[in-house]
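Here's the letter readout for the chains.
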Amino acid sequence: MPQDEGLNLQHIGLIVCKGDACPPGRIAAPTRNLLSRVGPMPGPRGEKVVVDWALSALVGEDGIYWKTKGFDDWKWNADDAERLAFTQWYLDLYLPLGAGTTVLLGSWHTTLAAEIGYAFNPPNYFASRTYAFAATPAKHVGTLVETRLPLAESSGLASVFLGVTGDWNAVDFGSGAGGPSFLFGARWRSPDMRTWFDVETVYGNGEDDFGDVHVENGIAHPRGGGSQFLALSSTDEYLDRVVTSLTLTHAVNERLSLVFEGLYGFQEGGDLAPLPFAITEDSTFYGVNVGFRYQLLPRLYAGARFEAFVDEEAANVLWGGVGAGGGTVYATTLNVTWEALPWVIVRPELKYDAYDGSGHLFAPDRNGMAQHNTQLLGVLNFELRF
Amino acid sequence: MQRFLHFLPLLLVTSVALAEEPDRPYGSLFRAIAGDSLERDHGIAVLGFGHVSLSEANHDIPASRMPQGRARNT
């Protein structure tokens, strides 16, 4: 996906939503004791069935990452830098079952990993994203059922969830021996809600769910959607893919917040390699990152994030697609967040990446092949809220 | 640069709307245009969001496939 340095419209978008399907805290405080993908909230179980919903869309350079294969990965705008994507559309039900239960049905951002799909700050404190985020699905089409566990108040708040979805970032359930993907995990919150712990896993068939490409005048344009792992089997064999994320956040006090994230993933290799980055060996990728954010003044924050991430076989197309052969990347990110106006957040950010491994990972040349093993990036990000 | 000028009217309307309720930026544009009855009476909101970034790297990057290195922020 060619992108130039300089000024970029990453996206501009709208969310039309009802009730607790709206991003929590943006319009009103949550009214449920359990929010889909967010987890348990303080308060008693509701006694009514509640039907909420949301629909969101955006246009911009980020559009390619939020398209759904088989739904809005249109050919007609595959050569546009700024594309339209319907990022989410779902029903969000609350049921007075057990200690409180939610059902999400439709197309929705994944629950995996510390950083979330919504472009909001908080919880996404940084303008850039982690390597862990780049190794997980962006969204799912399917259903997610989450239920709160009846813990004693002194033991904190907890919930478990199970989802049945299609392929990563796709509306279908795979080809050949393909079947649904499964999401499952658990969440725990301390009684004072200052410590959050989440363990989340997605498991399914990773065979043939790579995003499609549209070729025009001899140039291949990714259409968006699909996974970032190209694994193919000549016999439609089921190729296991699993990704597990573990997230721990803690608010030390009103000013200082900490985050730790660990991620492990595996993709079984296939037996076809139509492209150099196709995965023909069993591949493992894993990493950790830690970060903090500190409030300097009422509308001014400073943050830092440190990452180490290993992709042993460069399974991710973001690695293999630029000629990397597998290795470890280290990254340090520093930023300042200034709420300059109610509708504008300004974030100057510096990110330094260093890659140790086979081939190169940064600064692809016009032939698409990376040329360097380090990269220093400066970003001046403006978040608009309207 | 011209593409960003398309959003200037939107920002002007938003800034006027926010002058009245600076603590509620999300949905301010829609409320300024259509009122707040949909949100108040039915709990339905129309929220706007966007990200614009100025990026510069130490290498000359004609093309990048590293979204997390390019201020990807959806």
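Keep in mind it's a predicted model, so treat the numbers as computed, not measured.

Thresholds applied
- Each chain carries its own residue numbering, running from 1 in the direction its sequence is written.
- As a convention, the first chain written is A and the first ligand written is 1, with the rest following in written order.
- With pLDDT at 70 or above as the cut-off, local features in this predicted model cover only qualifying residues; side-chain atom pairs require 80 or more to be listed or tallied, and sums for whole chains, interfaces and linings still use all residues.
- As a convention, hydrogens and water are excluded, and side-chain values are obtained from all of the structure's heavy atoms.
- The rule for a salt bridge is simple: a side-chain nitrogen of Lys or Arg has to be within 4 Å of a carboxyl oxygen of Asp or Glu.
- Put simply, DSSP H or I for four residues or longer makes a helix, DSSP E for two residues or longer makes a strand, and each gets a number counted from the N terminus.
- When a residue's accessible area, from a 1.4 Å probe over protein chains only, is under 20% of the maximum for its type it is buried; when over 50% it is exposed; and in between it is partly exposed.
- For patches, a residue must show more than 30% relative accessible area and have no salt bridge; joins then use 9 Å for like charges and 5 Å for nonpolar side chains, namely Val, Leu, Ile, Met, Phe, Trp and Tyr.
- The protein chains shown are the only cover counted for residues, whose accessible areas, like all others here, come from Shrake-Rupley with a 1.4 Å probe.
- None of His or the chain ends enter the tally, which takes Lys and Arg as positive and Asp and Glu as negative.
- A single reference atom marks each charge: NZ on Lys, CZ on Arg, CG on Asp, CD on Glu.
- We define a polar contact as two N or O atoms separated by no more than 3.5 Å, with the added condition that, inside protein, one atom must be a possible hydrogen donor and the other a possible acceptor, whereas residues neighbouring each other in sequence contribute only through side-chain atom pairs.
- Pairing of aromatic rings covers Phe, Tyr and Trp, the last counted by its six-membered ring, and requires centre-to-centre distances within 6.5 Å; plane angles under 30 degrees mean stacked, over 60 mean edge-to-face, and any other angle means tilted.
- By the criterion adopted, a ring carries a charge over it if an Arg CZ or a Lys NZ lies within 6 Å of its centre and within 35 degrees of its normal.

Which parts of the structure should I look at to understand the pattern of salt bridges?
Once the charged atoms of two side chains with opposite charge are near each other, the side chains can pair. All names here are of chain A. Evaluated as defined, the whole model comprises 20 salt bridges over all chains. Of the charged contacts in the structure, one is a salt bridge between arginine 187 and aspartate 198, with a shortest N-O distance of 2.8 Å. Of the two residues, arginine 187 is situated in strand β9 (residues 181-189) and aspartate 198 in strand β10 (residues 195-205); the sequence distance between them amounts to 11 residues. Each member of the pair, arginine 187 as well as aspartate 198, carries the same accessibility label: buried. Notably, a salt bridge pairs aspartate 209 with arginine 241, separated by 2.9 Å at the nearest N-O pair. Residue aspartate 209 is found in the loop between β10 and β11 (213-216), and its partner arginine 241 is found in strand β13 (residues 240-251); the two are separated by 32 residues along the sequence. Each member of the pair, aspartate 209 as well as arginine 241, carries the same accessibility label: buried. Through salt bridges that share partners, Lys18, Asp20, Arg32, Asp52 and Asp92 make up one connected network.

Hey, could you run me through a negative patch on the surface in this one?
Residues and elements named next belong to chain A. Taken together, the side chains of Asp172, Asp208, Asp212 and Asp236 present a region of like negative charge at the surface. Take aspartate 208: it is sitting in the loop between β10 and β11. The exposure class of aspartate 208 is partly exposed, given its relative accessible area of 33%.

It is not clear to me how the side chain of arginine 347 of chain A should be interpreted in this structure. Could you clarify?
All names here are of chain A. The topology assignment puts arginine 347 in strand β18 (residues 344-358). It turns out arginine 347 is buried and unbridged, and the closest side chain with the opposite charge, glutamate 383, is 4.1 Å from it. Of note is the side chain of arginine 347, whose polar atom sits 2.9 Å from the backbone oxygen of asparagine 124.

What exactly am I supposed to notice about the packing of aromatic side chains here?
Geometry of an aromatic ring pair is reported as the spacing of the ring centres plus the angle between the planes. All names here are of chain A. For the coordinates displayed, the defined rule picks out 13 aromatic pairs over all chains. Pairing phenylalanine 71 with phenylalanine 86 gives two aromatic rings, centres 6.4 Å apart and planes at 70°, and the pair type is edge-to-face. Separated by 15 residues along the polypeptide, phenylalanine 71 in the loop between β4 (50-60) and β5 (83-95) and phenylalanine 86 in strand β5 bring together distant segments of the chain. Three or more aromatic residues link up through ring pairs in this structure, and these residues are Phe71, Trp74, Trp76, Phe86 and Trp89. We note arginine 129 situated over the ring of phenylalanine 133; from NZ or CZ to the ring centre the distance is 4.1 Å. Looking at arginine 241, its charged tip hangs above the ring of tryptophan 168, at a distance of 4.5 Å from the centre.

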